Structure formats: structure tokens, C-alpha cells
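Residues per chain are reported as follows:
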Amino acid sequence: MEIGRSLPQSQKLSATTQGNSAPEFTYNLPVSLYFRTTTPIQVDELITSLQSLDKLTARMPKMLGKLSKVKVLRTELLVNEIQAGSIWEDFFVAVVFKDETEMIKFGNYINELAKEHPVETIGSVLVGSLIVFGIYKAIAWAKGDTSKDSYNVEIKDNTIIQIGSDVVNKSPEQFIKLIQTAVGAPKSLAKEAVGVIKPAKEENAEIALGGKELDSPSLNSEFIKAAPSSINIDPEQSSEVLYDVTLDVRKINRDADKGWEAVMPPRITRRVKLSFGDDVSHEDIDGKFEFRADVEVFYKPQGKDKIPTPCEIHLIGLVQD
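Residues numbered from 1 in each chain as written. Predicted model: local features only at pLDDT ≥ 70, side-chain atom pairs only at ≥ 80, totals over all residues. Heavy atoms only, no water.

**Some words on the overall build of the protein**
Phase 1: Counting secondary structure elements, the protein contains 10 helices and 11 strands.
Phase 2: The C-alpha radius of gyration computed for the protein amounts to 20 Å, which stays within 12% of the reference 20 Å derived for 321 residues, consistent with globular compactness.
Phase 3: Across its three principal directions, the C-alpha atoms of the protein cover 55 × 45 × 45 Å.
Phase 4: Of all 321 residues assigned to the protein, the portion counted as buried reaches 53%.
Phase 5: Of the contacts made within the protein by residues no fewer than 6 positions apart, 68% connect residues no fewer than 24 positions apart. (Helix = DSSP H or I, 4+ residues; strand = E, 2+ residues; numbered from the N terminus. Rg over C-alpha atoms; globule rule 2.2 N^0.38 Å. Buried < 20%, exposed > 50% of the residue type's maximum accessible area, 1.4 Å probe, protein only. Contact = heavy atoms within 4.5 Å.)

**Description of the packing of aromatic side chains**
Phase 1: Applying the stated criterion to the full structure yields six aromatic pairs.
Phase 2: Summarising the aromatic geometry, the rings of Tyr 136 and Phe 223 are spaced 5.4 Å apart at their centres and angled 55° between planes, so their arrangement reads as tilted. Placement of Tyr 136 in helix H4 (residues 119-142) and of Phe 223 in helix H10 (residues 221-226) is noted, with a sequence separation of 87 residues between them.
Phase 3: One aromatic cluster is present, built from ring pairs that chain together Tyr 27, Phe 97 and Phe 106. (Phe/Tyr/Trp six-rings, centres within 6.5 Å; stacked < 30°, edge-to-face > 60°.)

**A look at the packing of helix H1 (residues 43-57) against helix H8 (residues 186-196)**
Phase 1: Running from N to C, H1 and H8 cross one another at 140°; their axes reach a closest spacing of 7 Å. In terms of axis orientation, H1 runs oblique to H8. As H1 runs across H8, the sense of the crossing is left-handed. On H8, the residues touching Thr 48, Ser 49, Ser 52, Leu 53, Lys 55 and Leu 56 of H1 are Leu 189, Glu 192, Ala 193, Gly 195 and Val 196. (Axes fitted to C-alpha atoms, helices over the stretch in contact; angles between N-to-C directions. Parallel < 35°, antiparallel > 145°, perpendicular 65-115°, else oblique. Left-handed = near helix turned anticlockwise from the far one by under 90°.)

**Description of helix H7 (residues 172-182)**
Phase 1: For H7, the tally of buried residues reaches eight of 11 residues, placing the bulk of the element in the interior.
Phase 2: Buried within H7 are the following residues: Pro 172, Phe 175, Ile 176, Leu 178, Ile 179, Gln 180, Thr 181 and Ala 182.
Phase 3: Its buried side turned inward, H7 meets helix H2 (61-68), H4, helix H5 (152-157), helix H6 (159-167), strand S7 (238-251) and strand S11 (307-318).
Phase 4: Positioned one or two residues after H7, Gly 184 has a phi angle of 100°, which is positive.

Quick look at the structure:
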């Protein structure tokens, strides 16, 4: 059963213009997941997995930008093909740039990596590394461990992380640090990772990355079983990651990370809670009342129409020119 198809494999680079806006340039990075299951997957579990993967891959701009040393505007998940049975999911992560020069630099970076590894493996293992990072953080949250470096030793030794670090020519420690500083709030990432693997959770199943072959890099059944079935986050709460926005601090606490408030005009004009991510603290913005940053904005429905309303700005990191 083929559920969807979009871009052909040959279309790696493209430019698009919407209305009178400036053109955007896109590199399509192939990614595939293969769920080796023994029974058919329920539709609701497949939908949860796809929605979670969409949110997870939307966190990749800063990670890919740090790796390639280019400015990535955003990343989007595009379906190429989904086949039933043992579910085969064939995607592109559309990596979007504001100019052609940045797109070509990124393409050249991927081409260099592809001299040693198939391009399908590169994209799939990068996404798989985010899943692995999120699952370990989910295990930590389930045990009540909210420390920034929880399970980092175990994460470093994971096979997918080892392969991913080799693909991008980093040490496992460097690769974990890069992920940790690039992807945002660990608890929401953990929820997304748990959602991605849901179709394989109740089976003695594996998830292969980049190919159907038995020797493809895989999340094994023991690792999948170790993950919690859910992460307790307010079910009505939603979030989005935004890159290179301007924050205006309206309430400060020079002694701790708690008690801060900020606005983000024109999107957020009413002050909301400002929280700090794994790689940033209140000391990093001491004396700065306006600064550029990467953030995750959390929303809660308000009023009888349940309009999503900003309730928290989570600071991922500061933008350095």
C-alpha cells in the first residue's frame, strides 16, 4: 500500500518563490525508516509516528547548520513513499536556505560525507541519532532524572550515535554535545522520539535506518523496549522551534534561572515565562535586555475558542554573528 509520494530521488536541489516573497533554495536530504514487524501496524500508531517524526525533524536546522557551517532557515519532512507490511517509510528532509550559495555549500558538505557513506545513510543516521538522544532522555525523565547530562555516557556508547559521529567526522562526545545544544527542550524532544518508535514498541521489532538490509544501522528491540510508552506533558500544550528571533527581557533574576520573563515582538507582545535550555543559563544573558536567540515557544489553548496562546519561551541558545 503506497500512502504518499512527492519528490523524485533525482531532485536534490531546487528554488521556489511564493508570491512576491524572496526565493528559497532547498536541498532534499533522503531519509528512510524500516519497521521490521511481524504483525500489521495500527493506523493510529502510524499516524502518531509520522506526526512525531515531523516535529522531530523540524528541530534539525541548527544541528545541520553547525555541522555544515551554513545558515539553515528551516527543515521540513516530505513523504516520498510509505509501504505497508513491515512499514517502509521513504522521506526527504527538505533543508531550506535563503540563498543559493548557502544551499550549494551544504550540498558540497553532504557530497564530501558521501565519499565515505551512502547519502541515504547520512540523512537516516542523523535523524536516528536524534531519536536515540530523545529516547535516552525519555528514560531519564521516566526515572525522575532531569539533569542536563543524564544518560550522556550511555548515549555516547549507543551504536547509532557511534555511526553518526563517524559519518560527520566527530567524536561521540562532540556529536552528543552538538545535538544537546541544537535541538531544544529535551522533554518535548523525548516525547517526539517515543512517538516515532511507537509502531515497534509492542513487538519484538527493530527500526532500520537507511535501508531494508539486515546489516543496516538499526534501533534494536531491546533498546525500543527500554523506552517508556509515553512522556507526561500537558496534552493540550503544543510547541514550535524558532531560529534567530529577537527577545526582549522584561523580568530578570540575577541569582537563578527561574523568575525570568520576556516578549518576542511581533509574535509575542505579552510577557511570558523565559526558561533556559541545556547549554545556556541566566549568566549568559546578564546585562542583555535584548538579544537574538534560538527558542522553543510553548502554547496553551485559551478562551472558549481554545486559541493557542504563548505561555513560555524556552531558550535553546544565543545567536552569535
